[in-house]
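Examination of the molecular architecture
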Amino acid sequence: MTLKTFDSKALDAILEKMIVTVEESKHEIFEIGEKCRQDYETLVKELDEIKAAVSVVIQQTDELETKSRFARLRLAEVSRHFRDFSEQQVQEAYEKAHMIQTQLSMNRQREIHLRERRNELERRLHSLKDTIERANHLISQTTVVLNYLTSDLRNISEAIEDAKHKQEFGLRVIEAQEEERKRISREIHDGPAQMLANMLIRSDLVEKIYHERGVEEALEEIRNLKELVRGSLKEVRRIIYDLRPMALDDLGLIPTLRKYLSTVENYNQNTIITYTHLGEERRLLTNYEIAVFRLVQESVQNALKHSKATEIQVKTELRKNSFIAIVKDNGVGFDVNSIREGAFGIVGMRERVGLLNGEISIHSKIRAGTLVIIQIPLQ
């Protein structure tokens, strides 16, 4: 197909269908994951109850075995000295021995049933855990796809009307994908992957603790493991939110920034983040809102990860023909003249600002914090 016969509207229609399909798939995957999480919590409670019941049955069985030995000894004594006991005493000895033996047999059967149920629950929990992890992974992948479809590819038809622009666009998309994959890979490796590895080790310890130290310590270890699972799930959801906050499409830039910075502050309790906006809170073009959000997000994350800041101030101002964003922290700072190429994502920030014909300036000194000023002209 040549550029003259290229139908941009047809491509836009295809992209819209792709976006709808991916969004529906993401919602279905989320529902599956939520259902699995609910089932997981229910089964964990049932497993706790089963293990407690096993402990009680084992104790009862031990007591019945002791009683059974005494009953058999009594029965043997009655049998050896049959003439020294009355008929009623002989009958009572036989009946008591039979009753205890029957109870012991029933307890053993119940113990076998409970152990089988416990093993079945553990297998189901393992399967559910695997399903939840896969669902979270798929959600993160579909979120990335939606991010590219809704932000970078909506206006692709305009970009590829010229062959040179088409080539540059493709290269930028590939570079952006690779950078995003690297970032996501680092996030998952340092967060959920480490937690999952720890959970595997802790899960192997549960059975060992149960046999060596008893039920109570094993249950305590399971409770600790549950908290670790909740923490891992919380971290995965944070990563998903960082990839693409849905509020950006629904509410716009300013409310999304306000919500995002509040969420980041909750996750980083040692850092105070304040946000101030000047001017009206009107919507901008989609590309501008996404670009500004990513720039502020990158600046805040740099301050959290590298500057050891305890206070971060974010200010935005919407003027008639421009949008200004300022991010200031009280961290360790750095020498702007000795920055290695690509450090702190600065190169990517400069490129994103350059695509919008904007300006970015970074001011920092050792032990004096960092100030990032971004100015984007509005068309």
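You'll find the structure just up there.
Residues numbered from 1 in each chain as written. Predicted model: local features only at pLDDT ≥ 70, side-chain atom pairs only at ≥ 80, totals over all residues. Heavy atoms only, no water.

Looking at the pattern of salt bridges
Rules: Whenever Lys or Arg places a side-chain nitrogen within 4 Å of a carboxyl oxygen from Asp or Glu, that contact is recorded as a salt bridge. Think of it this way: any DSSP run of H or I at least four residues long counts as a helix, any run of E at least two long counts as a strand, and we number them from the N terminus.
Taken as a whole and judged by the stated rule, the model has 13 salt bridges. Note that Arg134 is salt-bridged to Asp130, the shortest N-O span being 3.1 Å. In this pair, Arg134 and Asp130 both sit in helix H2 (residues 87-152), four residues apart, roughly one turn of the helix. Overlapping salt bridges, with partners in common, bring together Glu46, Arg117 and Glu120 in one network.

Side note on the nonpolar core
Rule in force here: Here, nonpolar core means buried Ala, Val, Leu, Ile, Met, Phe, Trp, Tyr and Cys residues that are tied together by side-chain atoms lying within 4.5 Å of each other. Exposed residues in this analysis have more than 50% of their type's maximum accessible area, buried residues have under 20%, and partly exposed residues fall in between, with area computed by a 1.4 Å probe over protein chains only. Here, residues are in contact when the closest pair of their heavy atoms is within 4.5 Å.
Ranked by size, the top nonpolar core spans 38 residues in total, and within it Leu253, Val300, Ile312 and Phe323 carry the most contacts. Every element with two or more residues in this core is listed here: helix H8 (253-267), strand S1 (272-278), helix H9 (286-306), strand S2 (311-318), strand S3 (322-329), helix H10 (346-355), strand S4 (359-364) and strand S5 (370-377). If one sorts the elements of this core by residue count, H9 sits on top with ten residues. In this structure Ile312 touches Thr271, Ile272, Ile273, Thr274, Val300, Ala303, Leu304, Val327, Lys328 and Asp329, once residues within four positions along its chain are discounted. The next biggest cluster of nonpolar side chains, apart from the first, holds 19 residues, and it includes Tyr40, Val57, Val215 and Ala218.

Re the environment of Glu122
Within the secondary structure, Glu122 is located in helix H2. For Glu122, a relative accessible area of 34% translates into the label partly exposed. On a C-alpha basis, the gap between Glu122 and Leu47 in space is 7.6 Å, while along the polypeptide they are 75 residues apart. Residues within four places of Glu122 in sequence aside, it is in contact with Leu47 and Lys51.

Re the sheet that holds S2
As a reminder, the rule being used: Two strands qualify as a pair provided DSSP detects at least 2 bridges between them. Under this scheme, a helix contributes an axis fitted over its contacting stretch, all axes are lines through C-alpha atoms, and angles between N-to-C directions fall in the 0 to 180 degree range.
Taken in spatial order, the five strands line up as S1-S2-S3-S5-S4 in an open sheet, and their pairing is mixed. Two strands in the sheet have a free side with no partner beyond their single neighbour: S1 and S4. Pairwise comparison of adjacent strand axes, ignoring direction, gives a mean angle of 10° for this sheet. Contacts from H10 reach S4 and S5 within the one sheet, and its direction differs from that of S4 by about 150°.

Description of the side chain of Lys129
Put simply, the rule is: All tallies of charge rest on Lys and Arg as positive and Asp and Glu as negative; His and the ends of each chain are not included.
With respect to the element layout, Lys129 can be found in helix H2. Buried charge without a salt bridge: Lys129, with Glu133 as the nearest opposite-charge side chain at an N-O distance of 4.5 Å. Setting aside its immediate chain neighbours within four residues, Lys129 contacts Tyr40, Met199 and Leu200.

With respect to the side chain of Thr316
Looking at the element boundaries, Thr316 is found in strand S2. Note on Thr316: relative accessible area 2%, which makes it buried. Among all residues touching Thr316, those that are not within four sequence positions of it are Ile254, Leu257, Tyr275, Thr276, His277, Leu278, Phe323, Ile324 and Ala325.

Re unusual backbone geometry
At Lys308, a position not held by glycine, the phi torsion is positive, near 55°. Following the sequence through the fold, Lys308 ends up in the loop between H9 and S2. Residue classification places Lys308 among the exposed positions, given a relative accessible area of 68%. Within the chain, Asn357 stands out as a residue other than glycine whose phi angle is a positive 60°.

Looking at the packing of H9 against H10
For clarity, the threshold we go by: For classification purposes, angles smaller than 35 degrees are called roughly parallel, those larger than 145 roughly antiparallel, those between 65 and 115 roughly perpendicular, and all remaining angles oblique. In this scheme, a crossing is called left-handed if the near helix is turned counterclockwise away from the far one by less than a right angle; it is called right-handed if the turn is clockwise. Three categories are distinguished: nonpolar for Ala, Val, Leu, Ile, Met, Phe, Trp, Tyr, Cys and Pro, charged for Asp, Glu, Lys and Arg, and polar for the others, with Gly belonging to the last.
Where H9 meets H10, the axes come as close as 10 Å, and the angle between the chain directions of the two elements is 160°. In terms of orientation, H9 and H10 fall into the roughly antiparallel class. Regarding H9 and H10, the two cross each other, and that crossing is left-handed. Contact with H9, carried on its side by Ala291, Arg294, Leu295, Glu298, Ser299 and Asn302, involves Met349, Arg352 and Val353 of H10 and no other residues of that element. Considered class by class, the residues forming the contact of H9 with H10 number four nonpolar, two polar and three charged.

Keep in mind these values describe shape, not function.
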